[in-house]
Amino acid sequence: MAEKFLNYIGGQWVPAKSGKTRTNINPATGEHLGDFPDSGAEDVAAAVSAARAAFDAWRLTPAPKRGELLYRLGALIASKKEALAKDATREMGKILIETRGDVQEGVDMAYLAAGEGRRMYGVTTPSEMPNKWAMSVRVPVGVVGVITAWNFPFAVPTWKIFPALLAGNTVVFKPSEETPKMGWHLAKLLEEVGLPPGVLNVVHGDGPNVGWPIVQAPGIDVLSFTGSNGVGAKIAEEGARLGKRVSLEMGGKNGVIVMDDADLPLAADAVAWGAFGTTGQRCTATSRVIVHERIHDQLVAAVIERAKKVKVGDGLDESVNMGPVINARQLEKIHAYMSVATGEGVSIAEGGQPLTGGAHAKGNFFAPTVFTGVTPKMRVAQEEIFGPVVSFIKVKSLAEAVAVNNDIPFGLSSSIFTRDVNTAFAAMRDLSSGIVYVNHGTTGAETHLPFGGVRGTGNGHREAGHTMLDAFTEWKSIYVDFSGTLQRAQIDNS
Ligand code: UN1
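What this report covers is the structure whose coordinates are included nearby.

Basis of the calculations
- Each chain has its residues counted from 1, running along the sequence as written.
- Residues qualify for local features only when their pLDDT is at least 70, as the model is predicted, and side-chain atom pairs are given and counted only at 80 or more; totals for whole chains, interfaces and linings, by contrast, use all residues.
- Water and hydrogen atoms play no part in the side-chain values, which are based on all heavy atoms of the structure.
- Think of it this way: one heavy atom of a residue within 4 Å of a molecule or strand is enough to make that residue near it.
- Side-chain atoms alone can form a polar contact between residues adjacent in sequence; in general such a contact is a pair of N or O atoms within 3.5 Å, and within protein one must be able to donate a hydrogen while the other accepts it.
- The accessible surface values rely on the Shrake-Rupley method and a 1.4 Å probe; as for residues, cover is taken only from the protein chains in view.
- Under the convention adopted here, Pro, Cys and the residues Ala, Val, Leu, Ile, Met, Phe, Trp and Tyr are nonpolar, Asp, Glu, Lys and Arg are charged, and Gly plus all remaining residues are polar.
- Exposure is judged per residue with a 1.4 Å probe applied to protein chains only, and the accessible area is read against the type maximum: over 50% gives exposed, under 20% gives buried, and values in between give partly exposed.
- Helix and strand definitions here come from DSSP, where helices need a minimum of 4 consecutive H or I residues and strands a minimum of 2 consecutive E residues; each element is numbered from the N-terminal end.
- When we speak of the arc, we mean the arc of directions from the helix axis to the C-beta atoms.
- Note on definitions: a residue-residue contact is assigned when non-hydrogen atoms from the two residues lie within 4.5 Å.
- Here, a salt bridge means any side-chain nitrogen of Lys or Arg that lies within 4 Å of a carboxyl oxygen of Asp or Glu.
- Two strands are said to pair when DSSP picks up at least two bridges between them.
- Lines fitted to C-alpha atoms define the axes, with helix axes restricted to the stretch in contact, and inter-axis angles between N-to-C directions lie between 0 and 180 degrees.
- Orient the strands so they point away from the viewer, and a crossover whose first-strand-to-second-strand path over the helix runs clockwise is right-handed.
- Definition used in this section: a nonpolar core is a set of buried Ala, Val, Leu, Ile, Met, Phe, Trp, Tyr and Cys residues joined via side-chain atoms within 4.5 Å.
- Angle categories: roughly parallel below 35 degrees, roughly antiparallel above 145, roughly perpendicular from 65 to 115, and oblique for all the rest.
- Crossing handedness: left-handed means the near helix sits turned counterclockwise from the far one by under a right angle, and right-handed means the same turn made clockwise.

Turning to the site of the ligand, a few remarks are in order. Residues in contact with the ligand, as listed here, are E105, N151, F152, W159, R282, C283, T284, T443, G444, A445 and F451. Between the ligand and the protein, one listed contact pairs an oxygen atom with a side-chain N or O atom of R282 at 2.6 Å. Interatomic distance of 2.9 Å between a backbone N/O atom of G444 and an oxygen atom of the ligand. Here the ligand, which alone exposes 320 Å², has 98% of that area covered by the protein. When the residues that make up the shell around the ligand are grouped by side-chain class, the tally is 5 nonpolar, 4 polar and 2 charged.

Here it is as structure tokens:
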């Protein structure tokens, strides 16, 4: 019998009201990992009322105390890192060193948010009137709806939930239906460190039946979403109609520029890691290499050499370098891009097909794939494929490389490899993305810097970093008049 998992609502572990469940499958082996609630609008409604009921007491808990709880949580997560990483690999597929990193990001985020409990600074400023005090403070918004993707099943929810909780909000969280176990773990961990009932509620299920009711719930004030552009656009529209604050993190089509003075083996390592790490299923994945024509052939050869050495298989096997694709639908989508590429005149220089049979028989595997002869406006150079596929685009100059890099509907992460300090600084200034790397690939953002992107990647918000509270707090301006007289600001001031 498969193990049965429950929703966490108002501090209780409960099944979906309908009694329905859905199975959690290991994408590498097809193994049945357990049954999770297949919830609906009535479960969301229960979670929202629990979150509303818990809000006042949580908002009035001193921020340093909320921070201390997150500090204890960080230590608890760290103590269980290995077990959490193994569970993440089982349901998500990426290799253990990567899921350890995913869990570590949660630890880092817990400690970062915990420290904010003793800062959460406001601003005091002189009043324009005598004997009057003026200041502005951050206050929580209310109930935050968190909807996340499966590719960073632990880290990304923590970027949203920890700052939201630290700021004094309560939360209704829908983990991805592909990776429910990590959402379940997060609730268990927060319960274990003593989070009061109702402050975090976890409702399992799919987008239409759980995500959409969260978006529409009148009791939810803020929506924080990581996922596809299609879904993000719908959330933004509905959020605008309902007057909710919406923070979106969506797609990427990240470029690595390699100039002719670059350290080539280093650039090749970075491209291979950025393109094939997490099976290319990162919003920060390297999907375009914009390479100076003088070193193009050499770099292509070096990346192909690395692609050939990638051992694809079950991420729990420590000799494996790349795990499966999350599900059959994504595998099919990636596969379909091969004929898009050949139709556009692109050469598939390496890979290009699903891996089947033997160790790959029961999972969704795709070969590390290299496209050459790509030009900037082709679909494969513009659309997010979200698989282990990288496109080489040849350029003649820095100016051309920067223009190609920026001419996409996304803007999350960009990178340049060069040994010339002037080239590096010009690129830092001109690359149009939320994150820029010099002599490092497009992945590996650290939690204490803002995370997010320009154009279609987001809607102006940044997660984590010193910006972590912005989406989850309102500013309240407070004036205290101790003059004992009626002072009429602008009127008495003229
Ligand atoms: C994501 O791909 O959704 O910078 C997040 C990185 C990781 C986070 C990626 N720290 O690649």
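Here the narrative resumes.
Moving on to helix α14 (residues 421-430). Among all positions in α14, only T423, A424, A426 and A427 are buried. One face of α14 carries all of its buried residues, which in axial projection span an arc of 165 degrees. Residues of α14 that are exposed and point over 90 degrees away from its buried face: V421, N422, F425 and R429. Each element contacted by the buried residues of α14 is listed here: α13 (398-406), β19 (413-417) and β20 (435-438). Where α14 begins, one side-chain oxygen reaches toward the backbone nitrogen of N422, 2.7 Å away; that side chain belongs to D420.

Let us now look at helix α7 (residues 207-216). Of the residues making up α7, those classed as buried are V210, G211, P213, I214 and V215. Those residues of α7 that are buried lie in contact with α1 (41-59), β7 (143-147), β8 (170-174), β10 (222-226) and α8 (229-242).

In this section: the environment of W58. By the element assignment, W58 lies in helix α1. What makes W58 buried here is its relative accessible area of 4%. Separated by 141 residues in the primary sequence, W58 and V199 have C-alpha atoms spaced 7.2 Å apart. Once residues lying within four places of it in the same chain are set aside, the contact partners of W58 are R66, L165, G168, N169, T170, L195, P196 and V199.

Enumeration over the complete set of coordinates arrives at 33 salt bridges. Note that R282 and E98 form a salt bridge whose closest N and O atoms lie 3.5 Å from each other. Placement of the pair is R282 in the loop between α9 (264-276) and β13 (286-292) and E98 in helix α4 (residues 96-116), with a sequence separation of 184 residues. Take R282 and E98: they sit in the same class, and that class is buried.

Moving on to the sheet that holds strand β17 (residues 369-374). Pairing within the open sheet is mixed, and its 7 strands lie in the order β14-β17-β18-β13-β12-β19-β20. Where the open sheet ends on each side, the last strands, each with one partner, are β14 (347-350) and β20. Each neighbouring strand pair of the sheet contributes to a mean axis angle of 25 degrees, computed without reference to strand direction. Both β17 and strand β18 (residues 389-395) contribute to a ladder of 4 bridges, which runs parallel. Across the sheet, V374 pairs through a bridge with I393, a residue of β18.

Another point: the pairing of strand β12 (residues 254-258). When you tally the buried positions in β12, you get 5 out of 5 residues, the bulk of the element. Of the two faces of β12, both are covered, the one formed by N254, V256 and V258 as well as the one formed by G255 and I257. Direction of pairing for β12 relative to β13: parallel, over a ladder of 5 bridges. Looking across to β13, one finds that I257 is bridged to I290. Of the crossover connections in this fold, the one passing from β12 over α9 to the parallel β13 is right-handed.

Attention shifts here to the nonpolar core. Side chains of nonpolar character tend, in soluble globular proteins, to be buried together. Core analysis: the biggest nonpolar cluster contains 58 residues, and I77, I161, F162, V171 and L200 have the highest contact counts within it. Sequence-distant contacts of L200, that is, excluding residues within four places in its chain, are made with Y8, I161, V171, F173, A187, L190 and L195. L264, A275, L355 and V370 belong to the second-largest nonpolar core, a separate cluster that totals 31 residues.

A separate point is the sheet that holds strand β5 (residues 123-126). Strands in a sheet are paired, the pairing made by backbone hydrogen bonds, and the direction either parallel or antiparallel. Spatially, the 3 strands line up as an open sheet ordered β5-β6-β21, and their pairing is antiparallel. A strand with exactly one partner marks an edge of an open sheet, and here the two such strands are β5 and β21 (473-481). On average, each strand axis in the sheet is inclined to that of its neighbour by 20 degrees, with strand direction left out of account. Note: strand β6 (residues 132-140) against β21, 9 bridges, orientation antiparallel. Among the inter-strand pairings, A134 is bridged to a residue of β21, identified as Y479.

The geometry of α4 relative to helix α5 (residues 155-166) is characterised by a closest axis approach of 9 Å and an angle of 15 degrees between their N-to-C directions. With respect to α5, the element α4 is oriented roughly parallel. Handedness of the α4/α5 crossing: right-handed. Where α4 abuts α5, its residues D102, E105, G106, M109, A110, A113 and E116 lie against A155, T158, W159, F162, P163 and L166. Residues of the contact of α4 with α5, tallied by class, amount to 8 nonpolar, 2 polar and 3 charged.

Tracing the sequence through the fold places A57 in helix α1. Remark: the alpha-carbon pair of A57 and P196, spanning 139 residues in sequence, is separated by 9.1 Å.

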